[in-house]
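Descriptive structure summary
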Amino acid sequence: MKILYRIYQLFIALPILVVWTIFISLTVIIGCTLGGGHWFGYYPGKAWAWVILKLFLIPVHVEGRQHLRAGQSYVFVSNHQGMFDIFLIFGHLSRPFKWMMKHQLRKMPFVGFACERSHQIFVDKRGPAKIKKSYDQARAILRGGTSLCVFPEGARTFTGHMGTFKRGAFMLADELQLPVVPLTIDGSFDIMPRFRDYHFVEWHPLRLVFHAPIMPQGQGPENIKRCMDESYGQIMASLPPRHQGFVENPDQ
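The present account deals with the structure reproduced in this document. Given the structure is predicted, the values throughout are model-derived calculations rather than measurements.

**Section: the overall build of the protein**
Secondary structure summary: the protein contains 9 helices and 7 strands in total. Expected size for 252 residues packed as a compact globule is a radius of gyration near 18 Å; at 18 Å, the protein falls within 12% of this value. Dimensions of the protein, computed from C-alpha atoms along their principal axes, come out at roughly 55 × 50 × 40 Å. Put simply, the protein has 252 residues, and 51% of those count as buried. The long-range fraction of contacts in the protein, counting pairs at least 24 apart against all pairs at least 6 apart in sequence, stands at 74%. With an accessible surface of roughly 12300 Å², the protein has 65% of that area assigned to carbon and sulfur atoms. A gap of 6 Å separates the mean positions of the 28 positive and 17 negative side-chain charges of the protein.

Structure below.
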């Protein structure tokens, strides 16, 4: 079955993936340029990710979406297991949001420009002015009622285990007094871990868990630390035992 799955990927899934990605990227670029940024900045990307998961025959199980309230913006924070995290969240978060992503992704053909036109947030750490610009953009998006999705580890894991969390997303949530929603991703590391980028996809189910929102309690350093610690603990507890426990990520 593994050989058949790889043949399917090479001759069917990969060509469709390339054409589909170019088509969706152009749709986003044109739609956002013509002024439809709110719709084109989210729904084509959602369709892109959902179709890719179906294309690679990856089953998805989602838990806890009932915790979310209509009309409320959230700061979503997730562990970062692998490349398929993007498809899982984009395809199954089921509400408009913007990504915070590494500025290097702007260089990806078609996709990078589509992300730029749809006002995804490129986090550029090459100096205080660039960092401030990234967080000013994130702050404006949250104030406008759109949610934000962040990988607070800042980098994909090498081991399947979680590294440390950075404070930036939690500081934004604290400043704007918004709830933080921890997301647990399980299975992405088994599909395409970081050290196997652009290799064949390994078939494995994906699971996305929405934890209950962590509401602000006061404002300041204590609230930031509480939200960060509770998020980390909830995500960790929902991982399978083989991926529980902290392992230092040298790329953080």
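**A closer look at the nonpolar core**
In terms of nonpolar packing, the biggest core is built from 42 residues, with Phe56, Ile58, Phe76, Phe84 and Ile89 touching the most fellow members. Broken down by secondary-structure element, the contributors of at least two residues to this core are α1 (2-33), α3 (43-55), α4 (84-92), β3 (97-102), α5 (111-117), β6 (180-186) and β7 (206-210). Looking at which element gives the most residues to this core, the answer is α1, with 7 residues. In this structure, Phe76 is in contact with Leu68, Leu93, Arg95, Ser147, Leu148, Cys149, Val150, Val181, Leu183 and Phe210, ignoring residues within four places of it in sequence. Core analysis: the second largest hydrophobic core is formed by 27 residues, Val123, Leu148, Leu172 and Tyr232 among them.

**With respect to the sheet that holds strand β5 (residues 147-150)**
Taken together, the 7 strands give an open sheet; going across it, the order is β1-β7-β6-β2-β5-β3-β4, and neighbouring strands pair in mixed fashion. Edge positions in the sheet fall to β1 (60-63) and β4 (121-123), since each has one partner strand and no second. Averaged over all adjacent pairs, the angle separating strand axes in this sheet is 20°, with direction ignored. Pairing of β6 with β7 involves 4 bridges; the strand directions are antiparallel.

**Concerning α3**
Here α3 contains 13 residues, and its C-alpha end-to-end distance of 18 Å stays within 8% of the 18 Å for a straight helix at 1.5 Å per residue. Summarising the contacts, the buried residues of α3 are in contact with α1, α2 (37-40), β1, α4 and β7. Trailing α3 by a residue or two, Leu57 shows a phi angle of about 65°, which is positive.

**Comments concerning the environment of Asn79**
Relative to the elements of secondary structure, Asn79 occurs in the loop between β2 (75-78) and α4. Put simply, Asn79 and Pro182 are 103 residues apart on the chain and 8.6 Å apart in space, counted from C-alpha to C-alpha. Non-local contacts of Asn79, meaning those with residues more than four positions away in its chain, are made with Asp85, Phe151, Glu153, Met162, Leu183, Thr184, Ile185, Ile235 and Leu239. Of the polar contacts made by the side chain of Asn79, one reaches the backbone nitrogen of Ile185; its length is 2.8 Å.

Reading the values: the criteria
Residues numbered from 1 in each chain as written. Predicted model: local features only at pLDDT ≥ 70, side-chain atom pairs only at ≥ 80, totals over all residues. Heavy atoms only, no water. Helix = DSSP H or I, 4+ residues; strand = E, 2+ residues; numbered from the N terminus. Rg over C-alpha atoms; globule rule 2.2 N^0.38 Å. Buried < 20%, exposed > 50% of the residue type's maximum accessible area, 1.4 Å probe, protein only. Contact = heavy atoms within 4.5 Å. Areas by Shrake-Rupley, 256 points an atom, 1.4 Å probe, with all protein chains shown as cover. Lys, Arg positive; Asp, Glu negative; His and termini not counted. Charge placed at Lys NZ, Arg CZ, Asp CG, Glu CD. Core = buried A, V, L, I, M, F, W, Y, C linked by side-chain atoms within 4.5 Å. Pairing = 2+ DSSP bridges. Axes fitted to C-alpha atoms, helices over the stretch in contact; angles between N-to-C directions. Expected span 1.5 Å × (residues − 1). Polar contact = N/O pair within 3.5 Å; in protein donor to acceptor, adjacent residues only side chain to side chain.

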